[in-house]
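# Topology and contacts: notes
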Amino acid sequence: MVPTTYYLALSGILFALGMIGVLTRRTAIMVFLSVELMLNASNIALVAFARSWGDLTGQTAVFIVMTLAAAEVAIGLAIIIAIFRKRETTNVDDLATLKG
Amino acid sequence: MMLAFIILGALTLVGGVITISARNAVHAALGLVGTLLSVGGLFASMNASFLAATQVIVYAGAIMVLFLFVIMLLNANQPVTGRDPVPFVRELAGIGGTLLAGAFVVLAFTYEDPAPLATSAAALRGGTAGAVGETLLTRFLLPFEAVSVLLLVAIVGAVALVQRPVPQPDGVPDTEPAGLLAPDTGLVFESVTQEAVLKERGRA
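Here is a short report on the structure shown in this document. (Residues numbered from 1 in each chain as written. Chains lettered and ligands numbered in written order. Predicted model: local features only at pLDDT ≥ 70, side-chain atom pairs only at ≥ 80, totals over all residues.)

## Side note on the interface of chain A and chain B
Going by this rule: C-beta atoms are first placed from the backbone for all residues, and any pair lying within 7 Å is then listed as a contact. Think of it this way: any DSSP run of H or I at least four residues long counts as a helix, any run of E at least two long counts as a strand, and we number them from the N terminus.
In this assembly, 67 residues from chain A lie in contact with 78 residues from chain B. Elements represented by at least two residues in the side of chain A that touches chain B include exactly α1 (4–24), α2 (28–53) and α3 (57–87) of chain A. For the side of chain A that touches chain B, the leading source of residues is α3(A), giving 23 residues.

## Regarding the packing of α1(A) against α2(A)
Residue and element names in this part refer to chain A. Heads up, the rule is: An axis is simply a line fitted to the C-alpha atoms; with a helix, the fit covers only the stretch in contact. Between two such axes, the angle follows the N-to-C directions and lies from 0 to 180 degrees. Roughly parallel means an angle under 35 degrees; roughly antiparallel, over 145; roughly perpendicular, 65 to 115; everything else is oblique. Crossing handedness follows the turn of the near helix against the far one: under a right angle anticlockwise gives a left-handed crossing, and clockwise gives a right-handed one. As a working rule, the residues Ala, Val, Leu, Ile, Met, Phe, Trp, Tyr, Cys and Pro are called nonpolar, Asp, Glu, Lys and Arg charged, and the rest polar, with Gly in that last group.
Viewed as axis vectors pointing N to C, α1 and α2 meet at an angle of 165 degrees, and their least axial separation amounts to 8 Å. When the axes of α1 and α2 are compared, the pair comes out roughly antiparallel. Two packed elements cross with a definite hand, and for α1 against α2 that hand is left-handed. A per-class count over the contact of α1 with α2 returns 17 nonpolar, eight polar and one charged.

## Re the nonpolar core
One recurring pattern in soluble globular proteins: nonpolar side chains tend to sit buried together. To keep things clear, this is the line we draw: By definition, a nonpolar core groups buried Ala, Val, Leu, Ile, Met, Phe, Trp, Tyr and Cys residues that are joined through C-beta atoms within 7 Å. Exposure criterion: with C-beta atoms placed from backbone coordinates, a residue whose C-beta has 20 or more other C-beta atoms within 10 Å is buried, one with 12 or fewer is exposed, and one in between is partly exposed.
One finds I29(A), I44(A), V47(A) and A29(B) to be the most contacted residues of the largest nonpolar core, which totals 71 residues. Here this core takes 14 residues from α2(A), the largest share from any one element.

Put into structure tokens, the structure is as follows:
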């Protein structure tokens, strides 16, 4: 059996990759894709912990996270489409009107 | 088992790197599909067969199709060109990400299993739909129902956000759907259609 630590390390690296994507990508859709990477990294960690403790709670949490991700993508992409119709852009640098 | 982990883990990371570095958004989305499928394989290797199936069906199936639809609909597959307004953002993000990954790896290797893996993995009953469903519908019934309400809200919200304003026949100015911003300031809520109506009134 592969030790839990290896899965946790993989999850941490994938989360950091997602964070780099969120910070560097400049299209709103690409930022969303990077957020999906981070969600998946956390899911790997949750499933690894579920196996380590022999408790199905972690797997149930992953199921709920997946549902939340689906809802988030539906709403987020709808917002992106609504903004694109008004502004003809999804570049996050141009969408900074709420900046203080 | 170790070999499967190495292959799936490498595929996951390669897909992740493609996702954050590909210049074409469609390529990035396809890289993420690779990552999601490999994560599904990792789930299967951790006694989570139901989640592995859900990962492939919901994530790699439904969510990614939605993403690809929107990328192609908005014609957003071209990269953003021009100078980045934030100086050194790539270098700083690279350094920060490396530090974060290092911290996670160090933390991961301090973790110790509370029981031998073979016994605790057996308690998961393979993570089948029956086992997960039993936990979901007994101990976590309230979160489960809350999530179903959330999904309903998401469906209604997505439809409400993207619907176009219905033209009003009686000269009443069209109202904007909620959440839209005017092009210049982001604060003015009068719409183009309202201006058109006023112009028409002046002409009459």
